[in-house]
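A structural walkthrough
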Amino acid sequence: MADQPQYPTPSRQERRAAADADYLEFAAARSPSMMRMACLLTGDWHLAEDLVQETLGKVYVSWRRVSTADSPKAYADAILMRTFLSYRRKRSSGELPTGDMPEGGYEADDPGLRMALLDGLARLSARDRAVLVLRYWEDRSVEEAARALDMTAPAVRVQSLRALRRLRALLGDQLPELARR
């Protein structure tokens, strides 16, 4: 048997450094989108930063599994949603933000409509808000939202319909007036 060439195998430290570099690249690319989603869910810039930071920490701990998933982006978004819902279940989450959420680097066509929708979202339950943000603001499919929220697709459809009905009731007569502008 002929001598086969021996390729040096990377050391554990080298593999870890490569995994860390991959994670840092992923985190830098996903952070703005995750921050936008967290702001929509919470209505509070500082709480959104905390949720994104906690989510990125969880993703880092599980990076080996996350990086080999079919969609690391969807995996991270699911962790963000579950972190948000877990936060809302805690008793300490009864605090309400007092200031307005600062605007990000994007502009709305109609600021009045945008602010009315953000106000309406803030008054919905955490589960309703999560479903509406994923389905309509983030434009996710029913199946993607179901995976992120750990629900079945039919449950997401029903929850979406009910949440939209609640949002319309909250906005009341304000919605047609804003939509005409």
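Since we're looking at a predicted model, the values are computed, not measured.

1. Re helix 2 (residues 45–61)
Side chains that are three or four residues apart share a direction in an α-helix, a result of its 3.6 residues per turn. Its 17 residues place the ends of helix 2 25 Å apart at the C-alpha level, agreeing with the 24 Å of an ideal helix rising 1.5 Å per residue. Regarding helix 2, the residues found buried are Leu47, Ala48, Leu51, Val52, Thr55, Leu56 and Val59. The residue sitting at the N-terminus of helix 2 and contributing the capping side-chain oxygen is Asp44; that oxygen lies 3.2 Å from the backbone nitrogen of His46.

2. Quick word on the packing of aromatic side chains
Evaluated as defined, the whole model comprises 3 aromatic pairs. Consider the rings of Tyr23 and Trp63, whose centres lie 5.6 Å apart with planes at 75°: the pair is edge-to-face. Linking Tyr23 in helix 1 (residues 12–42) with Trp63 in helix 3 (residues 63–67), this pair joins segments that are 40 residues apart in sequence. Just as Tyr23 is buried, Trp63 falls in that class too. Through a chain of ring-to-ring contacts, three or more aromatic side chains come together here, namely Tyr23, Phe26, Tyr60 and Trp63. The positively charged end of Arg135 is found above the aromatic ring belonging to Tyr136, 5.3 Å away from the centroid.

3. Considerations on the environment of Leu132
In this fold, Leu132 is placed in helix 6 (residues 126–137). For Leu132, a relative accessible area of 5% corresponds to the buried category. Linking Leu132 and Leu121, residues 11 residues apart in sequence, is a C-alpha distance of 8.3 Å. With residues near it in sequence (within four places) discarded, Leu132 still touches Leu121, Leu124, Trp137, Ser160, Ala163, Leu164 and Leu167.

Definitions and limits used
Residues numbered from 1 in each chain as written. Predicted model: local features only at pLDDT ≥ 70, side-chain atom pairs only at ≥ 80, totals over all residues. Heavy atoms only, no water. Helix = DSSP H or I, 4+ residues; strand = E, 2+ residues; numbered from the N terminus. Expected span 1.5 Å × (residues − 1). Buried < 20%, exposed > 50% of the residue type's maximum accessible area, 1.4 Å probe, protein only. Polar contact = N/O pair within 3.5 Å; in protein donor to acceptor, adjacent residues only side chain to side chain. Phe/Tyr/Trp six-rings, centres within 6.5 Å; stacked < 30°, edge-to-face > 60°. Lys NZ or Arg CZ within 6 Å of the ring centre and 35° of its normal. Contact = heavy atoms within 4.5 Å.

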